[in-house]
Amino acid sequence: MARKTARPGRTLVVFFLAMAIAYGLVALAGTWKPTLGLDLQGGTSITLRAEGDPGEEALDQARQIIDDRVNGSGVAEAEVTTQGGNEIVVEIPGENARNLIETVQRTAQLRFRLVACSTVDGRCATSTGLPEGIQIDPSTTLPQEDGDQGEGNNRAALGSWARLSDTGSDGGEKDGNGQEQGQGADEGAQGKGGKQSAYDACIAAAADDKTAAKPLEWIDNPTTACVDAFTEFEASGGCQQGASAAMGDDPATPLITCDEDGIAYLLSPAMIEGTSLDDAGAAIPQQQVNYVVTLSFDGEGSDVFADISNALVGTEKQFAIVLDSQVLSAPTMEGRILDGNAQISGDFTETTANSLATSLRYGSLPIAFEDQPLVETIGPSLAGDQLSAGLTAGGIGLAIVMLYCLLYYRGLGTVVIASLFVAAGITYAMVLLLSETANFTLTLPGIAGLIVAVGITADSFIVYFERIRDEMRIGKSMRVAVESGWKRARNTCLAADAVSLLAAVVLYIFAAGVVKGFAFALGLTTIIDLVVFFWFTHPMVSYLAKYRFFNKGHRLSGLSPETLGVSRVATGGNA
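Quick look at the structure, then. (Residues numbered from 1 in each chain as written. Predicted model: local features only at pLDDT ≥ 70, side-chain atom pairs only at ≥ 80, totals over all residues. Heavy atoms only, no water.)

Re the pattern of salt bridges
- Taken as a whole and judged by the stated rule, the model has 12 salt bridges.
- The partner of arginine 467 in a salt bridge is aspartate 470, with the nearest N and O atoms 3.7 Å apart. You can see arginine 467 and its partner aspartate 470 sitting in helix α13 (residues 444-473), three residues apart, about one turn around the helix.
- By relative accessible area, which is 26% here, arginine 467 ends up partly exposed.
- A relative accessible area of 31% places aspartate 470 in the partly exposed class.
- Taking the shortest distance from any N to any O, the salt bridge between arginine 488 and glutamate 471 comes out at 3.4 Å. With arginine 488 in helix α14 (residues 478-510) and glutamate 471 in helix α13, the pair connects residues that are 17 residues apart, well separated along the chain. (Salt bridge = Lys/Arg side-chain N within 4 Å of Asp/Glu carboxyl O. Helix = DSSP H or I, 4+ residues; strand = E, 2+ residues; numbered from the N terminus. Buried < 20%, exposed > 50% of the residue type's maximum accessible area, 1.4 Å probe, protein only.)

So this is what it looks like as structure tokens:
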């Protein structure tokens, strides 16, 4: 069987084509400068102040979740710390980091509820827009067809109207003593102990309502007090007054809230919570042009969502996706969803979709923050001359390595210099691409990681070249020595780079802050070293072995008899 012939020239052509593609992608991205970290260019500081007294444990848990959010989409190297007993300080590289404020501050309590009624579906009649003299009579009850509704739920007939014969100036019917019956009824519901709001009455009545625990039944016949509260919310202007929710977002109770378009909703107790979410992401579905947020539920969440879809499909009933008490979307069910995968659609851009997905993916915050965080621009922590000094030191070190390789390996030293330049070119392209795609920021520790990798790359060349020399000392020609030395050097370099890569991975997992940047840069350049070593250095040496300058042992080739310590260099042989 004929032995496969090495084609180093073809390998080099493919390698440089791949480099050209990488720089083509950089050109498409439109940026030729890497994103710098806080220590090199400064950034944005966001100070979040917790409401009330959150406690040390809750504050630290919130800090960890925020850290995951801001660094979750890449290697942004944002710094998240606690300050005092109720503040979290987030420092993010770049002046344009203000768009992360919503991602940082969002509580991200996600719940799926069913819609009992809204201002647009007419299922809960309100006084707004009714014919003159017509108003809701909360005492009106559903007709009792089979007597099974007289269990004390006291439910209002949805959409039923009652004509009032005498109304006061603010719409309440007056009794014989001139007192408004609506107010008296309210006070009766409150009991003699004091004032109770309509929303508190809704929560209290729902707690006694047996069907509140069965939202699919409850939405067809919601608790009377909750319908009254919804009516009061609408009558007072509701969502038009800028309110986001009329009551606290407790998953066990109904909720009256709004969406971004100012539509009010009466929602059932939550059927699915964000804790049932396995994953969230942002994507553009096929044959669509707008971004959506994709959701994937765990086993229990999938089962409940399947029950919802089975019950609502083919009807006009809606389910609401509620985030931090506000309705994001309230769609109807167009088909049965049995695999636990859903999506949130809306007027999303790539940035807003990714922001919401990130908040959902890393969980909800255990505490709430004040509405207006302190946002300020901060300068770099290192002076410009320190950065220049670091880069100068790195350049001097690289020049010394190159000079040493030229003096010691002579002609082969040019391969070392070319390999270092190629590795630097690939590294620069990858840093630019990762800055655009993974939010990678270059800090001084990251630059240190890149400089350390120069030594790793040089080690690979030394191992390979010394193996070639050893093979030639035992009488092999350069062509043969290049390939036989490669087989031995390859395993050694793979083992050494595997150790460096493992160290980088462990350091990245267990480190925090800018140390992650050092570990990431070290791991990246270790992988690049392997790429250059396999697909540039080895083919280049194989290609040079064809020329007499090297295979005849010229005194400047680095492979002369004097350099090898032998009487003569073997010639001939096929690689």
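A closer look at the pairing of strand β8 (residues 264-267)
- Burial along β8 is two-sided: the face carrying Ala264 and Leu266 and the face carrying Tyr265 and Leu267 are both buried.
- Of the pairings in the sheet, the one linking strand β4 (residues 110-118) to β8 comprises three bridges and is antiparallel in character. Bridge pairing in β8 places serine 118 opposite tyrosine 265.
- Relative to β8, strand β7 (residues 255-258) runs antiparallel, the two sharing four bridges. The partner of isoleucine 256 across the bridge, within β8, is leucine 266.
- Adjacent in sequence and paired antiparallel, β7 and β8 are bridged by five residues, among which glycine 262 carries a positive phi angle near 85 degrees. (Pairing = 2+ DSSP bridges.)

As for α13
- An ideal rise of 1.5 Å per residue puts 44 Å on 30 residues; α13 measures up with 44 Å between its terminal C-alpha atoms.
- Once α13 finishes, glycine 475 follows within two positions and takes phi at roughly 100 degrees, a positive value. (Expected span 1.5 Å × (residues − 1).)

What about the packing of α14 against helix α15 (residues 514-544)?
- Axis separation between α14 and α15 bottoms out at 9 Å; the angle between their running directions is 170 degrees. Taken as axis vectors, α14 and α15 run roughly antiparallel relative to one another.
- Of the residues belonging to the contact of α14 with α15, the class tally is 20 nonpolar, five polar and five charged. (Axes fitted to C-alpha atoms, helices over the stretch in contact; angles between N-to-C directions. Parallel < 35°, antiparallel > 145°, perpendicular 65-115°, else oblique. Nonpolar A, V, L, I, M, F, W, Y, C, P; charged D, E, K, R; others polar.)

Here we look at the sheet that holds strand β1 (residues 43-49)
- The four strands are arranged β2-β3-β1-β15 in an open sheet whose pairing can be described as antiparallel. Only two strands of the sheet have a single neighbouring strand rather than two, namely β2 (79-83) and β15 (374-378). Between one strand and the next, the sheet's axes are offset by a mean angle of 20 degrees, whatever the strand orientation.
- Bridge count for β1 against β15 is five bridges, and the pairing is antiparallel. Paired with serine 45 across the two strands is glutamate 376, which belongs to β15.

Remember, this is a structural readout, not a statement about activity or role.
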